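# Close look at the chain arrangement
Letter by letter, the chains look like this.
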Amino acid sequence: QVQLVESGGGLVQAGGSLRLSCAASGRAFIAYLMGWFRQAPGKEREFVGRIRQNGNTYYADSVKGRFTISRDNAKNTVYLQMNTLKPEDTAVYYCAASFTSSGYTSADFASWGQGTQVTVSS
């Protein structure tokens, strides 16, 4: 199992930017597909995006063109750069790890961080 710790959340005005980080410890980070999910109050957890072991990325339509996922395998860290934030992006953001090479549902990911709150004010 890999342990994940998110950081970088906070309060930002609409149109602003935030960068979330997810630090991993434990087994070989490079072997993992890494994903970002979010959960708003009263809503189900939803997929935000993922980055494969080879660096290929895939995003939900709601964030495509605004959010960018990257990874630094030397630092065992994955990042979520969020630009042009909207109030509807307000949620707890989670990073997750999977040994698969694809997947975009919660069930595809076995390890989860504790989450970090992102609040976007209008």
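In this report, we go over the structure that sits alongside the text. (Residues numbered from 1 in each chain as written. Predicted model: local features only at pLDDT ≥ 70, side-chain atom pairs only at ≥ 80, totals over all residues. Heavy atoms only, no water.)

On to the state of the cysteines. Evaluation of the coordinates by the stated rule reveals one disulfide. The disulfide partner of C22 is C95, and the gap between their sulfur atoms is 1.9 Å. Residues C22 and C95 share a disulfide whose torsion about the S-S bond is about 50°; that sign makes it right-handed. One end of the pair, C22, is in strand β3 (residues 18–26); the other, C95, is in strand β9 (residues 91–98), and 73 residues separate them in sequence. Of the two residues examined, C22 and C95, each falls in the buried class. (Disulfide = S-S within 2.5 Å. Helix = DSSP H or I, 4+ residues; strand = E, 2+ residues; numbered from the N terminus. Buried < 20%, exposed > 50% of the residue type's maximum accessible area, 1.4 Å probe, protein only.)

Another point: the pairing of strand β11 (residues 116–121). Because side chains alternate across β11, one face comprises the buried residues T116, V118 and V120, and the other comprises Q117, T119 and S121, none of which is buried. In this structure, β9 lies alongside β11, joined through three bridges in antiparallel fashion. Its bridge partner being in β11, A91 is matched across the sheet by V118. (Pairing = 2+ DSSP bridges.)

Okay, unusual backbone geometry next. Leaving glycine out, the prevailing phi sign among residues is negative, and the prevailing peptide bond configuration is trans. The backbone of N76 shows a phi angle near 55°, a positive value even though the residue is not glycine. The phi angle at T84 is positive, at roughly 50°, despite the residue not being glycine. Within the secondary structure, T84 sits in the loop between β8 (77–82) and β9.

On to the environment of G42. Within the secondary structure layout, G42 lies in the loop between β4 (33–39) and β5 (46–51). By relative accessible area, G42 is classed as exposed at 87%. Taking the C-alpha atoms as reference, G42 lies 10 Å from A91; in sequence the two are 49 residues apart.

What follows deals with the packing of aromatic side chains. Enumeration according to the criterion identifies nine aromatic pairs in this entry. Ring centres of F37 and F47 lie 5.7 Å apart, and the angle between their planes is 75°; on these two criteria the pair is classed as edge-to-face. One end of the pair, F37, is in strand β4; the other, F47, is in strand β5, and ten residues separate them in sequence. Aromatic pair Y94 and W112: ring centres 6.5 Å apart, planes at 75°, arrangement edge-to-face. Note that Y94 is positioned in strand β9 and W112 in strand β10 (residues 111–112), a separation of 18 residues in sequence. Connected via pairs of aromatic rings, a cluster forms that spans F37, F47, Y58, Y94, Y104, F109 and W112. Across from the ring centre of Y94, 4.1 Å away, lies the NZ or CZ of R45, which sits over that ring. The residue whose ring lies beneath R45 is W112, and the NZ or CZ to ring-centre distance is 4.5 Å. (Phe/Tyr/Trp six-rings, centres within 6.5 Å; stacked < 30°, edge-to-face > 60°. Lys NZ or Arg CZ within 6 Å of the ring centre and 35° of its normal.)

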